[in-house]
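Report on the structure
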Amino acid sequence: MDLTQGTFKEKNERSKKMMLWFGLIALFMSFAGLTSAVIISRTRPDWSKELELPQVFLISVFVILASSITYILAQRALKNGNRETTTIFLFISFLLGIVFMFLQFQGFKALIDSGYYFTGETSNPKASFIFLIAFFHLLHVAVGLICLLVVIYNHFKQKYTADNMLGIELAGTFWHFIDILWIFLYLLMYFVG
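Procedures and definitions
Residues numbered from 1 in each chain as written. Predicted model: local features only at pLDDT ≥ 70, side-chain atom pairs only at ≥ 80, totals over all residues. Heavy atoms only, no water. Axes fitted to C-alpha atoms, helices over the stretch in contact; angles between N-to-C directions. Helix = DSSP H or I, 4+ residues; strand = E, 2+ residues; numbered from the N terminus. Parallel < 35°, antiparallel > 145°, perpendicular 65-115°, else oblique. Left-handed = near helix turned anticlockwise from the far one by under 90°. Contact = heavy atoms within 4.5 Å. Phe/Tyr/Trp six-rings, centres within 6.5 Å; stacked < 30°, edge-to-face > 60°. Expected span 1.5 Å × (residues − 1). Buried < 20%, exposed > 50% of the residue type's maximum accessible area, 1.4 Å probe, protein only. Salt bridge = Lys/Arg side-chain N within 4 Å of Asp/Glu carboxyl O. Patch = residues over 30% accessible without salt bridge, like charges linked within 9 Å, V, L, I, M, F, W, Y side chains within 5 Å. Areas by Shrake-Rupley, 256 points an atom, 1.4 Å probe, with all protein chains shown as cover. pLDDT = per-residue confidence, 0-100.

Focus on the packing of helix 3 (residues 83-113) against helix 5 (residues 166-192)
Orientation of helix 3 relative to helix 5, taken along the N-to-C sense of each, is 30 degrees, at an axis distance of 13 Å. Between helix 3 and helix 5, the angle is such that the two are roughly parallel. Viewed along their axes, helix 3 and helix 5 form a crossing whose handedness is left-handed. Residues Leu90, Ser93, Gly97, Phe100 and Gln104 of helix 3 form the contact with helix 5, whose participating residues are Ile168, Trp175 and Trp182.

A word on the packing of aromatic side chains
Under the defined criterion, the tally for this structure stands at 10 aromatic pairs. Ring geometry for phenylalanine 57 versus phenylalanine 108: centroids 6.4 Å apart, planes at 75 degrees, classification edge-to-face. Of this pair, phenylalanine 57 sits in helix 2 (residues 55-79) while phenylalanine 108 sits in helix 3, and the two are 51 residues apart along the sequence. Centroid distance phenylalanine 57 to tryptophan 182: 5.8 Å. Interplanar angle 65 degrees. Geometry classified as edge-to-face.

Some thoughts on helix 1 (residues 8-41)
Helix length check: helix 1 (34 residues) gives 50 Å between terminal C-alpha atoms against 50 Å at 1.5 Å per residue, within 8%. All of the buried residues in helix 1 are Arg14, Leu20, Leu24, Leu27, Phe31, Leu34, Thr35, Val38 and Ser41. Looking at the packing, one finds that the buried side of helix 1 touches helix 4 (125-156) and helix 5.

Considerations on the pattern of salt bridges
Counted under the stated rule, the structure contains 3 salt bridges. Between glutamate 169 and lysine 17 there is a salt bridge, and its shortest N-O distance comes to 3.7 Å. One end of the pair, glutamate 169, is in helix 5; the other, lysine 17, is in helix 1, and 152 residues separate them in sequence. Since its relative accessible area comes to 35%, lysine 17 is described here as partly exposed. Here aspartate 46 makes a salt bridge to arginine 44, at a shortest N to O gap of 2.7 Å. For aspartate 46, a relative accessible area of 37% translates into the label partly exposed. Taking relative accessible area as the criterion, arginine 44 reaches 40% and is therefore assigned partly exposed.

Comments concerning a nonpolar patch on the surface
Judged by side-chain polarity, Met18, Phe22, Ile25, Phe28 and Met29 come together as a nonpolar surface patch covering roughly 530 Å² of accessible area. Locating methionine 29 in the fold gives a position in helix 1.

Concerning the environment of threonine 70
With respect to the helices, strands and loops of the structure, threonine 70 is situated in helix 2. Judged by its relative accessible area of 10%, threonine 70 falls in the buried class. Taking the C-alpha atoms as reference points, threonine 70 and threonine 86, 16 residues apart in sequence, are found 9.3 Å from one another. The residues touching threonine 70, leaving out its near neighbours within four places in the chain, are Phe89, Ile92, Ser93 and Leu96.

Quick look at the confidence of the model for the protein chain
Mean pLDDT for the protein chain: 91, with 97% of residues reaching 70 or above. Across the protein chain, the element-wise mean pLDDT spans from 87 in helix 1 up to 97 in helix 2.

Here you go:
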């Protein structure tokens, strides 16, 4: 396929999608670096094998997965021309994202209540990696929530239609990526740690 062919709209859409994928690849590489650091660091003698992930992190896996499902349902509703259902599912996706963030902070609190800290005398590499990875991911969820707010705003402005879904598709791709990323990170911290 010749990327220089097509209408201005088609070329514009391709370029925006390509820019998003370049960003996602860079994001993937940064988390791949963290993954490598965890795998290498777990052989350290001060790695805490008795530290277990707070249960709330597992709950957050299901919450963020549900948010992806509701976002897919919002896209389908828009494709079918049902704006009201689209609105409902977009708001549910956003609220689930907020719940996810709350659960992450509850996970941080559970770690601290168990005596684990990011740094200091009572910290250890495993706890530090859990804090770092979860917080770094949380920052990207915050960006995803901003994207969802932009999508909701544009949806109310009736910018999206069944024939013009670029913005909602781009935000969806990012949202699904950070959702899948959290599932991977949870499994990494659970099984490798």
